[in-house]
Amino acid sequence: MPTLTQLILYPIKSGAGMSVPAATLLESGLSAQGVHDREWMLVTEEGQFLTQREHPRMALIQPRPEGDHLCVSMPGQPDLSLPLAWNATEAPRQVRIWDDQVDAADCGDAAARWFSEALGTPCRLVRFRHDVVRPTSVKWTGGVPSQTRFADGYPLLLIGAASLDDLNLRLRAAGRAPLAMDRFRPNLVVDGLEAFEEDYLEALHDDAVAIRPVKPCARCPIPSIDQATGIAGPDPLDILQTYRANARMEGAVCMGMNCVVVRGAGTELRAGQGLAAELAF
C-alpha cells in the first residue's frame, strides 16, 4: 500500500516549505499549525504575483508558526512577525495570479518594506481573504468543483518518491548531481508507487478521504533553483524533456500531478499513513 511520507505546506507562495507530521486536508489544500498552504503571497505594487521564477532568493524566505504569529526569517534580515489571527479590517488589494483576479488583504507597509529590502525589489505582502473562494478550473476535474488559495491552479501537488529516484538515476548517468524533492515543491510525497505511477491514478483513498490526481504538472525553471541557497544551477528540464514531454499538455515537460479533494475535507492526514491506490484504467 502506498504511504504518505511527507506533508508539506508553503505558507508564503514561492517561499520555503514547511514539512509537518500531520495536516488537515481541506478542499483548498493543506492546513497545519494555524497556517494554510499558499495563504500569503508577494505581489508588485500593481498586484502582479511574484515567484522564484523571477526572484530565486524567495527560496530563502523561511516561515514558521510560533504561538499566535507567523515568524518569517531570511539571511541578513531581522525576523518579521505576522499575526495569525484573521483581521477583517486589513486593506483590500486586488491581485493577479496567472489569469485570475483575486481580492486579497494587504498586510501593511511594515511587511512591504521588509520583503522589499529582503528581495531588493519593491513588493507587497498580501493574504488570502477568508471570505473569498477561488475556484479551480473544472476542465481537468471532470466537473468536480474545487478551490485553492494562491497555488498556481490546484489545491494539492502529488509526487511519488520513485519518480524522483528515476530522474536522479538519469541525472547521475549524465554526470550530474541528484536533486532533492524540495526542488519540485510538492504537498504530498508518496512512497510505494512505481515511477510516475501517480500519472495514472484515479484516486488515493481510504475510508475517510479520497484525493484525485487531475492534471499533470507542467514544470517551469524553479527545479533548477537550490532551495537551500536560492541560487540557480543546471536545469533538469533538459533530461526530463527526453522522456517526460506530455502530449496532453501540448508537449510541456511534466512531473507530479495536481490533485483535488473528492472526499474527506476536514480530515487529518499523517506522515506514515497508508492510502490505497486506485488506477484510472
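Right above here is the structure, for reference.
Residues numbered from 1 in each chain as written. Predicted model: local features only at pLDDT ≥ 70, side-chain atom pairs only at ≥ 80, totals over all residues. Heavy atoms only, no water.

Caption draft 1: Examining the packing of aromatic side chains more closely. Enumeration according to the criterion identifies four aromatic pairs in this entry. Note on Phe128 and Phe150: the rings are 5.2 Å apart at their centroids and 80° apart in plane angle, and the pair reads as edge-to-face. Here Phe150 lies in the loop between β14 (147–148) and β15 (156–160) and Phe128 lies in strand β12 (residues 124–128), a separation of 22 residues in the sequence. What makes Phe128 buried here is its relative accessible area of 4%. Residue classification places Phe150 among the buried residues on the basis of a relative accessible area of 0%. When the centroid spacing of 5.9 Å and the interplanar angle of 80° are considered together, the rings of Phe196 and Tyr243 count as edge-to-face. Note that Phe196 is positioned in the loop between β16 (188–191) and β17 (201–205) and Tyr243 in the loop between α3 (237–241) and β21 (245–246), a separation of 47 residues in sequence. In this structure, Arg170 is placed above the aromatic ring of Tyr243, and the distance from its NZ or CZ to the ring centre is 3.5 Å. (Phe/Tyr/Trp six-rings, centres within 6.5 Å; stacked < 30°, edge-to-face > 60°. Helix = DSSP H or I, 4+ residues; strand = E, 2+ residues; numbered from the N terminus. Buried < 20%, exposed > 50% of the residue type's maximum accessible area, 1.4 Å probe, protein only. Lys NZ or Arg CZ within 6 Å of the ring centre and 35° of its normal.)

Caption draft 2: Local environment of the pairing of strand β7 (residues 62–66). Of the two faces of β7, the one lined by Pro63 and Pro65 is fully buried and the one lined by Gln62, Arg64 and Glu66 carries no buried residue. For β7 and strand β8 (residues 69–73), the ladder comprises five bridges, and the chain directions are antiparallel. Within the sheet, the bridge partner assigned to Pro65 lies in β8 and is Leu70. Linking β7 to β8, which pair antiparallel, is a turn of two residues; within it Gly67 sits at a positive phi near 65°. (Pairing = 2+ DSSP bridges.)

Caption draft 3: Geometry of the nonpolar core. Within the largest apolar cluster, 44 residues are counted, with the highest numbers of intra-cluster contacts made by Leu30, Trp40, Leu42, Val72, Phe115, Leu188 and Leu269. The element contributing the most residues to this core is helix α1 (residues 109–119), with five residues. The next biggest cluster of nonpolar side chains, apart from the first, holds 17 residues, and it includes Tyr10, Ala161, Phe184 and Leu237. (Core = buried A, V, L, I, M, F, W, Y, C linked by side-chain atoms within 4.5 Å.)

Caption draft 4: Fine view of helix α2 (residues 161–173). Spanning 13 residues, α2 covers 19 Å between terminal C-alpha atoms, matching the ideal 18 Å at 1.5 Å per step. Listed as buried for α2 are Ala161, Ser163, Leu164, Asp166, Leu167, Asn168 and Leu171. Contact partners of the buried residues in α2: β15, β16, α3 and β22 (252–263). Downstream of α2 by one or two residues, Gly175 has phi in the positive range, about 80°. (Expected span 1.5 Å × (residues − 1). Contact = heavy atoms within 4.5 Å.)

Caption draft 5: Expanded view of the sheet that holds β7. What the three strands build is an open sheet, ordered β7-β8-β9; its pairing is antiparallel. The open sheet has two free edges, formed respectively by β7 and β9 (80–83), since each of these has just one partner strand. On average, each strand axis in the sheet is tilted by 25° relative to the strand beside it, whichever way the strands run. Relative to β9, β8 is paired through four bridges, and the arrangement is antiparallel. Considered in β9, the bridge of Leu70 is made with Leu82. The strands touched by α1 within the sheet are β8 and β9, with β9 carrying the most contacts at an inclination of about 140°. (Axes fitted to C-alpha atoms, helices over the stretch in contact; angles between N-to-C directions.)

Caption draft 6: Expanded view of the layout of surface pockets. A volume near 990 Å³ is recorded for the largest pocket. Around the largest pocket, the lining comprises 38 residues; the ones closest to its centre are Arg53, Trp98, Asp152, Gly153 and Asn258. Per-element tally for the lining of the largest pocket: the top contributor is strand β18 (residues 210–218), with four residues. For the lining of the largest pocket, the per-class residue count stands at 16 nonpolar, eight polar and 14 charged. Reported here for the second largest pocket is a volume of approximately 170 Å³. In this structure, the second largest pocket is lined by 13 residues; those nearest its centre are Tyr10, Ala16, Gly17, Asp182 and Gln227. Broken down by secondary-structure element, the contributors of at least two residues to the lining of the second largest pocket are β1 (3–9) and β2 (18–20). Among the residues forming the lining of the second largest pocket, the class breakdown is six nonpolar, five polar and two charged. (1 Å grid on protein atoms, 1.4 Å probe; cavity = no way out; pocket = protein on both sides within 12 Å on 5 of 7 lines; lining within 4 Å. Points joined across faces, edges and corners; volume = space filled by probe spheres on them. Nonpolar A, V, L, I, M, F, W, Y, C, P; charged D, E, K, R; others polar.)

Caption draft 7: The arrangement of the environment of Pro75 in detail. Within the fold, Pro75 resides in the loop between β8 and β9. With a relative accessible area of 53%, Pro75 lands in the exposed category. As a C-alpha pair, Pro75 and Tyr243 span 168 residues in sequence and 38 Å in three-dimensional space. Here Pro75 is in contact with Arg57 and Leu60, once residues within four sequence places are set aside.

Caption draft 8: The pattern of salt bridges, seen in detail. Applying the stated criterion to the full structure yields 15 salt bridges. With a closest N to O distance of 2.9 Å, Asp131 and Arg129 form a salt bridge. Exposure remark for Arg129: the relative accessible area of 16% places this residue in the buried category. Here Arg170 makes a salt bridge to Asp166, at a shortest N to O gap of 2.8 Å. Placement of both Arg170 and Asp166 in helix α2 is noted, with a separation of four residues, approximately one turn of the helix. Classification of Arg170 by relative accessible area gives partly exposed; the value is 36%. Its relative accessible area of 19% is what places Asp166 among the buried residues. The network of salt bridges with shared partners includes Arg93, Asp106, Asp109 and Arg124. (Salt bridge = Lys/Arg side-chain N within 4 Å of Asp/Glu carboxyl O.)

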